[in-house]
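Descriptive analysis of the structure
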Amino acid sequence: MTTQTFRHLTSTLSLTLALSFLSTHWIHAQPATTARPGGKLSRSIQVSLEKVADGFADPVNVVSPRDGSGRLFVVERPGVVKIVDKDGQVLKRPFLDIKETVVSSFLEQGLYDLEFHPDFKNNRKFYVHYSDMWFNGDSFIVEYQASADNPNRADLDSVRVVMQIEQPYSNHNGGELVFGPDGYLYIGSGDGGWEGDVIGAGQDLSTLLAKVLRIDVNTSSADRGYGIPGDNPMITPLQQMVLFGVSEERFAQIHPNARPEIWAYGVRNPVKMTFDRKTGDLYIADVGQNHWEEINFQPSNSQGGENYGWKFMCGTHPFPLSAKNAPTVGVMPIGEYSHVTDGICVIGIGVYRGTKYPSMDGVYFVADWGSGKFWGMERDQAGQWQMQELLDTEVRPTGAGEDEDGTLYVTTATSNYGGPVNPYDSEPGALWRLTEKSKSVAAQ
Ligand SMILES: [Ca+2]
Ligand SMILES: [Ca+2]
Ligand SMILES: [Ca+2]
C-alpha cells in the first residue's frame, strides 16, 4: 500500500470514526490537567525545521555521543547507524551495520534506537534495541563498544546481549533507550502487539511488555545481562508469609509475580521517551489506538510504579470508547490529541535546554508522524499544561534527539505501512534541526 493510499485510508477511517464517535459516545470528562491542541504557551514562540542532511534509509532516531566530537549518530531502521560529522557531512562508511541480525520487513520492526553509555567517552560502550531476525522478531538490547582504534567504527566483536524480550506479534515494540539522570537505562517496551492489548500486557506485572523498564547495565549476573536497581518499585524482598502484623500499605506493595525490571506500567507503545536534562522530569509519548494519542509526564521525584492506564484507558478515555461506566484507571496524561483532528502516531521530541534559542527554553516539543504537526507544551502560571500547535509540515517525524549543547533534532521518513516492505525502496529520509524561526527558513 502506498503512503498516499494509506493517508487516504487514514482520513476516511478518521471521518468514519469521528461520526460514530460523535453519534454514540458522550465525550469523556477531561481532567483539568490534560491539555489538548488549541492551547497557548505563555511565551511568544516561533520555530522551524532546518535540514541538516538527507539520503537516509528509514531514519528513526538521532543521538549524540556527548564526547565533544560534535558528531550525531543517525539510526536507520534496517539496522545501520550513520555518522553526521560536526560539519553536517554524512560519513560514507557506517558506524554500525547489523542488517543481518535485524528484521525490518514490517514497518514497526527494525533497529529502534541507540544510546551511548553516560561514560562513553571513557568506556566506549553503547546500546542498541532492535527486533531480531533469528528470534522471530524478539526485542534485543545489546551492548557494543566503539573501536579502540577508530572512533567512527563500532567493534562488532565486543557484542554482549543485555536483554531479550519475547514478542508475540510484529507490531507495538516500543523502542526507546534512554539513560536517566540516575545512570540507569530506561527502556520503552510496547504491549507486544496485534491490537487492543490482546494478551493483557498493560496491567500484567509478570511481563516486560507494555512497561517502562529500568535496569543497571553496569552489573550483571549468571542469568541476567544487567542488574536490578535496588529502588525499583516492584521488587518484593523474600519474606516469611504471615497474615497478621503486616499493614495494608505493605500488602499493597507486595507483588510476588512482578518483574523487578518494571519502573512504570500500563503503556501501549512508548516509541519516544525523553528526560529534561535540566529538571530530570521524564516525558513519555505513548502511541494510542485508533482514537487518541497521549503524552505522559513523570516528575523527577517519582519513585516509579506509575500505572499509565492501558488498556483500561486511551488518553483520558475508556478503552474501548464504547465502554459504559468504565473506571478511570491510572495517571492521566498531560496532553492528548484526537485521530480525527491532529494525527495518528505521536513522536516525542524533547525539552529544549540549549543555549542557542532562548525562546524555546523549557518547552517540551512533540510531533505526529501521520499529520506532520508539531506542538509545544509547558505549564502556565496556574500549573495547567498548555499545548500549542507550532508547525504544520509535510514531513513525517519518526524520532528525535539532542546534541551536546541541547539543540533538538528530528528524523523524518515517508515509510510505507502495511508491508512487507524493503526499507531501501522507501523515499530517502532526512535529519532536521529544530530552531527558532528567525534563525532559518521554514520547512514546508
Ligand atoms: Ca534514545
Ligand atoms: Ca511486538
Ligand atoms: Ca494512558
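Residues numbered from 1 in each chain as written. Chains lettered and ligands numbered in written order. Predicted model: local features only at pLDDT ≥ 70, side-chain atom pairs only at ≥ 80, totals over all residues. Heavy atoms only, no water.

Considerations on the coordination of the calcium ion (ligand 2)
Geometry reference: four tetrahedral donors at a metal, ideal angle 109.5 degrees. Six octahedral donors, ideal angles 90 or 180 degrees. Within the protein, the atoms that donate to the calcium ion (ligand 2) are Gln167 (OE1), Tyr169 (O), Asn171 (O), Asn173 (OD1) and Gly192 (O), at distances of 2.3 to 2.4 Å. In the primary sequence, the donor residues of the calcium ion (ligand 2) line up as Q-x1-Y-x1-N-x1-N-x18-G. Overall, Tyr169 belongs to the partly exposed group, its relative accessible area being 29%. (Donors = N, O, S within 2.8 Å, 3.2 Å for Na, K, Ca; no water. Buried < 20%, exposed > 50% of the residue type's maximum accessible area, 1.4 Å probe, protein only.)

Observations concerning the coordination of the calcium ion (ligand 3)
Taken together, Glu294 (OE), Glu294 (OE) and Tyr308 (O) make up the protein donors of the calcium ion (ligand 3), found 2.2 to 2.8 Å from the metal. Note that Glu294 is positioned in strand 16 (residues 292-298) and Tyr308 in the loop between strand 16 and strand 17 (313-314), a separation of 14 residues in sequence. With respect to burial, Glu294 and Tyr308 carry one shared label: buried. (Helix = DSSP H or I, 4+ residues; strand = E, 2+ residues; numbered from the N terminus.)

Thoughts on the layout of surface pockets
Taken as a whole, the second largest pocket holds about 510 Å³ of empty space. Residue lining of the second largest pocket: 27 residues in total, with Arg66, Glu115, Val178, Phe179 and Glu402 positioned closest to the centre. Among the secondary structure elements, those contributing two or more residues to the lining of the second largest pocket are strand 2 (59-63), strand 6 (111-116), strand 10 (177-179), strand 14 (272-275) and strand 24 (397-402). The residue inventory of the lining of the second largest pocket, partitioned by class, reads 13 nonpolar, 5 polar and 9 charged. (1 Å grid on protein atoms, 1.4 Å probe; cavity = no way out; pocket = protein on both sides within 12 Å on 5 of 7 lines; lining within 4 Å. Points joined across faces, edges and corners; volume = space filled by probe spheres on them. Nonpolar A, V, L, I, M, F, W, Y, C, P; charged D, E, K, R; others polar.)

Some remarks on the sheet that holds strand 13 (residues 262-265)
Pairing is antiparallel across the open sheet formed by 4 strands, whose spatial order is 10-11-12-13. Strands with a single pairing partner mark the edges of an open sheet, and in this sheet they are strand 10 and strand 13. Direction aside, neighbouring strands of the sheet carry axes that sit 20° apart on average. Inspection of the sheet shows strand 12 (residues 211-215) paired to strand 13 by 3 bridges, in the antiparallel sense. Pairing of Lys211 across the sheet is with Tyr265, part of strand 13. (Pairing = 2+ DSSP bridges. Axes fitted to C-alpha atoms, helices over the stretch in contact; angles between N-to-C directions.)

Section: the sheet that holds strand 23 (residues 385-392)
With antiparallel pairing, the 4 strands of this open sheet are ordered in space as 20-21-22-23. Of all strands in the sheet, those with a lone pairing partner are strand 20 (346-351) and strand 23, marking the two edges. Averaged over neighbouring strand pairs, the angle between their axes works out to 25° when direction is ignored. Sheet topology note: the strand 21 (residues 364-368)/strand 22 (residues 373-379) ladder contains 4 bridges and is antiparallel. Looking at the pairing, Ala367 lines up with Phe374 of strand 22.

Re a nonpolar patch on the surface
Nonpolar side chains collect at one region of the surface, where Met133, Trp134 and Phe135 lie side by side and expose about 370 Å² of accessible area between them. Relative to the helices and strands, Met133 resides in the loop between strand 7 (125-131) and strand 8 (139-146). (Patch = residues over 30% accessible without salt bridge, like charges linked within 9 Å, V, L, I, M, F, W, Y side chains within 5 Å. Areas by Shrake-Rupley, 256 points an atom, 1.4 Å probe, with all protein chains shown as cover. Salt bridge = Lys/Arg side-chain N within 4 Å of Asp/Glu carboxyl O.)

What about the confidence of the model for the protein?
Across the protein, pLDDT averages 91, with 91% of residues at or above 70. Confidence drops under a pLDDT of 50 for residues 1-31, and excluding neighbours within four residues, the segment shows 37 contacts in the predicted structure. (pLDDT = per-residue confidence, 0-100. Contact = heavy atoms within 4.5 Å.)

Considering the packing of aromatic side chains
Enumeration according to the criterion identifies 19 aromatic pairs in this entry. Between the aromatic rings of Tyr283 and Phe297, the centroid separation amounts to 5.2 Å while the plane-to-plane angle is 70°, which identifies the pairing as edge-to-face. Here the residue Tyr283 occupies a position in strand 15 (residues 282-286), and Phe297 occupies one in strand 16, the gap between them amounting to 14 residues. In this pair, the class of Tyr283 matches that of Phe297, namely buried. Through a chain of ring-to-ring contacts, three or more aromatic side chains come together here, namely Phe73, Phe95, Phe116, Phe120, Phe126 and Tyr144. Directly above the aromatic system of Trp310 lies the positively charged group of Arg268, at a separation of 5.6 Å from the ring centroid. Geometry around Trp369 places Arg396 over its ring, the cationic atom sitting 4.4 Å from the centre. (Phe/Tyr/Trp six-rings, centres within 6.5 Å; stacked < 30°, edge-to-face > 60°. Lys NZ or Arg CZ within 6 Å of the ring centre and 35° of its normal.)

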